[in-house]
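# Coordinate analysis (summary)
One-letter residues, chain by chain:
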Amino acid sequence: MTFSEVIGQEEVQQRLLQMVREDRLPHAIMLCGPQGVGKKALATAFACYLLSRKSENSDHSENSEYSEYSDYSEYSEPPMLRKLEHPDLHFTFPTIKLPSMGSEHMPVSDDFIREWRELMLQTPYFSMDEWMTAIGAENQQAIITAGESDELVRKLSLKSSQGGYKVSVVWLPERMNIACANKLLKLIEEPPQQTVFIMVCEEPDKLLETIRSRVQRIDVKRVDTEAIRKALVERRGISEEAATRISRLANGSWLKAMQELQVGSENEQFLDLFIMLMRLAYQRKVRDLRRWSETLAAFGREKQKRFLEYFLRLLRENFMYNFHQQDLCYMTQAEEDFARNFARFVNEANVLPIYDMTNKAIRDIGQNANAKIVFFDFALQMIVLLIQK
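I will try to describe carefully the structure that is included in this document. Quick caveat: nothing in here was measured; it's all calculated off a predicted structure.

Basis of the calculations
- Residues numbered from 1 in each chain as written.
- Predicted model: local features only at pLDDT ≥ 70, side-chain atom pairs only at ≥ 80, totals over all residues.
- Heavy atoms only, no water.
- Helix = DSSP H or I, 4+ residues; strand = E, 2+ residues; numbered from the N terminus.
- Rg over C-alpha atoms; globule rule 2.2 N^0.38 Å.
- Buried < 20%, exposed > 50% of the residue type's maximum accessible area, 1.4 Å probe, protein only.
- Contact = heavy atoms within 4.5 Å.
- Areas by Shrake-Rupley, 256 points an atom, 1.4 Å probe, with all protein chains shown as cover.
- Lys, Arg positive; Asp, Glu negative; His and termini not counted.
- Charge placed at Lys NZ, Arg CZ, Asp CG, Glu CD.
- Pairing = 2+ DSSP bridges.
- Axes fitted to C-alpha atoms, helices over the stretch in contact; angles between N-to-C directions.
- Parallel < 35°, antiparallel > 145°, perpendicular 65-115°, else oblique.
- Left-handed = near helix turned anticlockwise from the far one by under 90°.
- Nonpolar A, V, L, I, M, F, W, Y, C, P; charged D, E, K, R; others polar.
- Core = buried A, V, L, I, M, F, W, Y, C linked by side-chain atoms within 4.5 Å.
- Expected span 1.5 Å × (residues − 1).
- Arc of directions from axis to C-beta.
- Phe/Tyr/Trp six-rings, centres within 6.5 Å; stacked < 30°, edge-to-face > 60°.
- Salt bridge = Lys/Arg side-chain N within 4 Å of Asp/Glu carboxyl O.
- Polar contact = N/O pair within 3.5 Å; in protein donor to acceptor, adjacent residues only side chain to side chain.

Another aspect to go through is the overall build of the protein. Assigned secondary structure in the protein consists of 17 helices and five strands. Taken over the C-alpha trace, the protein has a radius of gyration of 23 Å; the compact-globule value for 389 residues is 21 Å, and the two agree within 12%. If one aligns the C-alpha atoms of the protein with their principal axes, the spans along those axes are about 70 × 55 × 35 Å. When burial is assessed residue by residue, the protein has 53% of its 389 residues classed as buried. Across the protein, contacts joining residues at least 24 apart in sequence account for 73% of those joining residues at least 6 apart. When the accessible surface of the protein is split by element, carbon and sulfur atoms take 47% of a total near 18900 Å². Taking the average location of the 50 positive side-chain charges in the protein and that of its 56 negative ones, the two points are 5 Å from each other.

Our focus in this paragraph is the sheet that holds strand 2 (residues 89-92). Pairing is parallel in the open sheet, where five strands are placed in the order 2-3-4-1-5. Since the sheet does not close on itself, it has two edges, and those belong to strand 2 and strand 5 (216-219), each with one partner. On average, adjacent strands in this sheet sit at an angle of 20 degrees to one another, irrespective of strand direction. The pairing of strand 3 (residues 166-171) with strand 4 (residues 195-201) spans six bridges and is parallel.

What follows deals with the packing of helix 12 (residues 266-283) against helix 15 (residues 333-342). One way to put it is that helix 12 packs onto helix 15 with a least axis distance of 11 Å and a crossing angle of 15 degrees. By the angle class used here, helix 12 and helix 15 are roughly parallel. Relative to helix 15, the crossing made by helix 12 is left-handed. Every residue of helix 15 that contacts helix 12 at Leu271, Phe274, Ile275, Met278 and Arg279 is listed here: Ala334, Glu335, Phe338 and Phe342. Of the residues contributing to the contact of helix 12 with helix 15, the split by class is seven nonpolar, no polar and two charged.

Counting residues in hydrophobic clusters, the biggest one holds 63 residues, and the most contacted among them are Phe46, Trp116, Trp131, Trp171, Leu232 and Trp254. For this core, the element with the most residues is helix 2 (residues 39-51), which contributes ten residues. If near-sequence neighbours (up to four positions away) are discounted, Trp254 is found in contact with Ile7, Gly36, Tyr125, Ile228, Ala231, Leu232 and Arg236. With 47 residues, the next largest nonpolar core counts Trp292, Leu308, Val346 and Ile362 among its residues.

Attention now goes to helix 1 (residues 10-21). Spacing of three or four residues puts side chains on the same side of an α-helix, whose turn is 3.6 residues. With twelve residues, helix 1 extends 16 Å from end C-alpha to end C-alpha; this agrees with the ideal 16 Å at 1.5 Å per step. Those residues of helix 1 that fall on the buried side of the exposure criterion are Val12, Gln13, Leu16, Leu17, Met19 and Val20. One side of helix 1 holds all its buried residues, which, seen down the axis, span an arc of 150 degrees. Residues of helix 1 that are exposed and point over 90 degrees away from its buried face: Glu10 and Glu11.

We now examine the packing of aromatic side chains. Scanning all chains against the criterion turns up 22 aromatic pairs. Judged by centre distance (4.3 Å) and plane angle (10 degrees), the rings of Phe93 and Trp116 are stacked. Of the two residues, Phe93 is situated in the loop between strand 2 and helix 4 (113-122) and Trp116 in helix 4; the sequence distance between them amounts to 23 residues. For the pair Phe93 and Trp116, a shared accessibility class is recorded, and that class is buried. A centroid spacing of 5.0 Å and a plane angle of 20 degrees characterise the contact between Phe338 and Phe342, whose relative ring orientation is stacked.

Counting buried positions along strand 3 yields six of six residues, so the element is predominantly enclosed. Because side chains alternate across strand 3, one face comprises the buried residues Lys166, Ser168 and Val170, and the other comprises Val167, Val169 and Trp171, equally buried. With four bridges joining them, strand 2 and strand 3 adopt parallel strand pairing. Each residue of the ladder has a partner; that of Phe91, found in strand 3, is Val169.

Moving on: the pattern of salt bridges. According to the stated counting rule, one finds 23 salt bridges in the structure shown. Across the salt bridge formed by Glu118 and Arg114, the nearest N and O atoms sit 3.2 Å from each other. In this pair, Glu118 and Arg114 both sit in helix 4, four residues apart, roughly one turn of the helix. Look at Glu118 and you get partly exposed, because its relative accessible area is 41%.

Our next topic: the environment of Arg214. Structurally, the position occupied by Arg214 is in the loop between helix 8 (209-212) and strand 5. Residues Arg214 and Ile188, 26 residues apart in the sequence, show an inter-C-alpha distance of 7.3 Å. Setting aside anything within four residues of it in sequence, one finds Arg214 in contact with His27, Ala28, Leu185, Ile188 and Glu189. A distance of 3.0 Å separates polar atoms of two side chains, one belonging to Arg214 and the other to Glu189. At 3.2 Å, the side chain of Arg214 and the side chain of Ser213 are in polar contact.

A word on helix 16 (residues 351-366). Over its 16 residues, helix 16 extends 23 Å from the first C-alpha to the last, a length consistent with the 22 Å expected when each residue adds 1.5 Å. Those residues of helix 16 that fall on the buried side of the exposure criterion are Val351, Ile354, Met357, Thr358, Ala361, Ile362, Asp364 and Ile365. All buried residues of helix 16 fall inside an arc of 165 degrees around its axis, so they share one side. Buried residues belonging to helix 16 abut helix 14 (301-321) and helix 17 (371-386). Positive backbone phi, approximately 65 degrees, marks Asn368, located one or two places after helix 16.

So, on to the packing of helix 14 against helix 17. Their axes nearest at 13 Å, the elements helix 14 and helix 17 cross at an angle of 15 degrees. Relative to helix 17, the element helix 14 is oriented roughly parallel. Crossing geometry of helix 14 relative to helix 17 is assigned as left-handed. Counted together, Gln304, Phe307, Leu308 and Phe311 of helix 14 and Ala371, Phe375, Phe378 and Met382 of helix 17 form the full contact between these two elements.

Structural data, given as structure tokens:
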């Protein structure tokens, strides 16, 4: 994978390349930012770049793979890297325990490496939910186990097969359990020779402070709207008008832009559920609200969290709609049609309480609370909050 496959993010690309050119590459980097901005793509492209070098101190002018590209955004990748099968490239990611696994077996990334490579080769822009679907575990919570850190210790203790770097790409280290986090901390504190860790993190505050203090953090900002619009036109063949609308709705996330392109996107289902909740809450139909909560409870936990995140976005958009500033609103036509009559019910008196209530529901779902109770309580509180003026 090369940097040319990354949407936007030229500033971060150049910063990473400059570290190598100036011979000040840290042994542990953490790319932080919201979902869908290209952190995983950046990490993989940078890992492939490092592994394409002849050695730690090699000069690019001597490497024919790079000599004709001044920015190294494109080059002739070795077949092993094109397939993400390089022996010195190690991926770590959240996994689940399959029924076929023994009772003593702790799941590790190698158990799912085939599915990982297939999904990465399709696109490095995918969500946790898409990853869970790929491994057939939509209703489970994926974590990184202590067995994974043991595997990393074993792999990274071996000598580099190509005489250069060994690169460990860790996707969502915040999902490590405490045993794994402590073992990884020791590995980062005493890294094997010529080893580089590249972490891809969305919630760094959930990581051990001792780990955060031992990595060089690089914040990856949202993708520029123009970069998304241009990529939609050039890579997806979208019309200029549609690309402009989708790029604004994407809010800096290429993943969100791709979701907007999907026919029958689940956002249509989420909008129907949002509308149903507001109408039933306004009419105080408690029995129907209970059925609404049972519908949400039947979703997998990742989908439940996505609905609540969608809810937060529509809450914000309906509040901003009251200011009658088109440039401040990012809604589809269907969302705007509902907002035209509903937006006045989201106001200064209730927008923050609803926001706090939604974030509490996201936290509770993430902590495996009973979904029926969480969503029914959510719906009942909405009855009270909607009448506040």
